[in-house]
Amino acid sequence: QVQLVESGGGSVQAGGSLTLSCALSGYILKGHCMGWFRQAPGRERERVAFIDSEGRTTYGDSAKARFTISQNNAKNILYLQMNSLKPEDTAMYYCVADFSQMTAIDALGAPEAHFGYWGQGTQVTVSS
């Protein structure tokens, strides 16, 4: 069984930075793709960033210029470096994983149901 555990969320003032982490454990299939979704009250859930087993990355429009997704060499820890944070970034951030050898490019447009594993989420609050 696969588990995803996010950490690193918190409260920060606009213009500040935060780094989120996601630890992947359990029985892991090779060729996995991981990423981040986020959802704020009153807004639809949106895609933030993805990284595949080859280290290729993709970003949603709101994150491309300010966020960086990465993973460790063992590919069991996922990171999201968030810079120049805005109040609009306030949301619950979810770590997700897929084990169908999906590429980061495909992940950007794949149905949410394609990601079979989700973390519990970590809250990010950005104050103006």
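Refer to the preceding data block for the structure.
These figures come from a predicted structure and were not determined experimentally.

Draft legend 1. Quick peek at the sheet that holds strand β3 (residues 18-25). One open sheet accounts for 4 strands, arranged β1-β3-β8-β7; its pairing is antiparallel. Edge positions in the open sheet fall to β1 (3-7) and β7 (67-71), since each of these has one partner strand only. When the angles between neighbouring strand axes are averaged without regard to direction, this sheet yields 15°. Relative to β3, β1 runs antiparallel, the two being bridged by 5 bridges. Looking at the pairing, L4 lines up with L24 of β3.

Draft legend 2. Just the packing of aromatic side chains, in detail. Here the structure, examined in full by the defined rule, presents 6 aromatic pairs. On the basis of an interplanar angle of 35° and a centroid distance of 5.0 Å, the ring pair of F37 and W118 is categorised as tilted. Taken together, the residues F37 in strand β4 (residues 33-39) and W118 in strand β10 (residues 117-118) connect sequence positions 81 residues apart. Taking relative accessible area as the criterion, F37 reaches 0% and is therefore assigned buried. Between F99 and Y117, the ring centres sit 5.5 Å apart and the planes meet at 75°, which makes this aromatic pair edge-to-face. Remark: Y117 occurs in strand β10 and F99 occurs in the loop between β9 (91-98) and α1 (104-107); sequence separation between them is 18 residues. A relative accessible area of 16% places F99 in the buried class. Clustering of aromatic rings is evident, with ring pairs tying together F37, F50, Y94, F115 and W118.

Draft legend 3. A look at the pairing of β7. Residue alternation in β7 divides its side chains into a buried set, F67, I69 and Q71, and an unburied set, T68 and S70. Bridging between β7 and strand β8 (residues 77-82) involves 5 bridges; their strand directions are antiparallel. Residue pairing for β8: T68 is matched across the bridge by Q81. The turn linking β7 back onto β8 is made up of 5 residues, and K75 within it adopts a positive phi angle of 60°.

Thresholds applied
Within any chain, residue numbers begin from 1 and follow the written order of that chain's sequence. For this predicted model, a pLDDT threshold of at least 70 governs which residues receive local features, and a threshold of 80 or more governs which side-chain atom pairs are given and counted, while totals over whole chains, interfaces and linings are taken from all residues. The basis for every side-chain value is the complete set of non-hydrogen atoms in the structure, without hydrogens or water. Here, any two strands with at least 2 DSSP bridges between them count as paired. Helix and strand labels come from DSSP, where a helix needs a run of H or I of at least four residues and a strand needs a run of E of at least two; each type is numbered from the N terminus. Orientation is described by axes fitted as lines to C-alpha atoms, over the contacting stretch for helices, and by angles from 0 to 180 degrees between their N-to-C directions. Aromatic pairing here means that ring centres of Phe, Tyr or Trp (its six-membered ring) are within 6.5 Å. Orientation follows from the plane angle: under 30 degrees is stacked, over 60 is edge-to-face, and everything else is tilted. Throughout this description, buried means an accessible area under 20% of the type-specific maximum (1.4 Å probe, protein chains only), exposed means over 50%, and partly exposed covers the range between.

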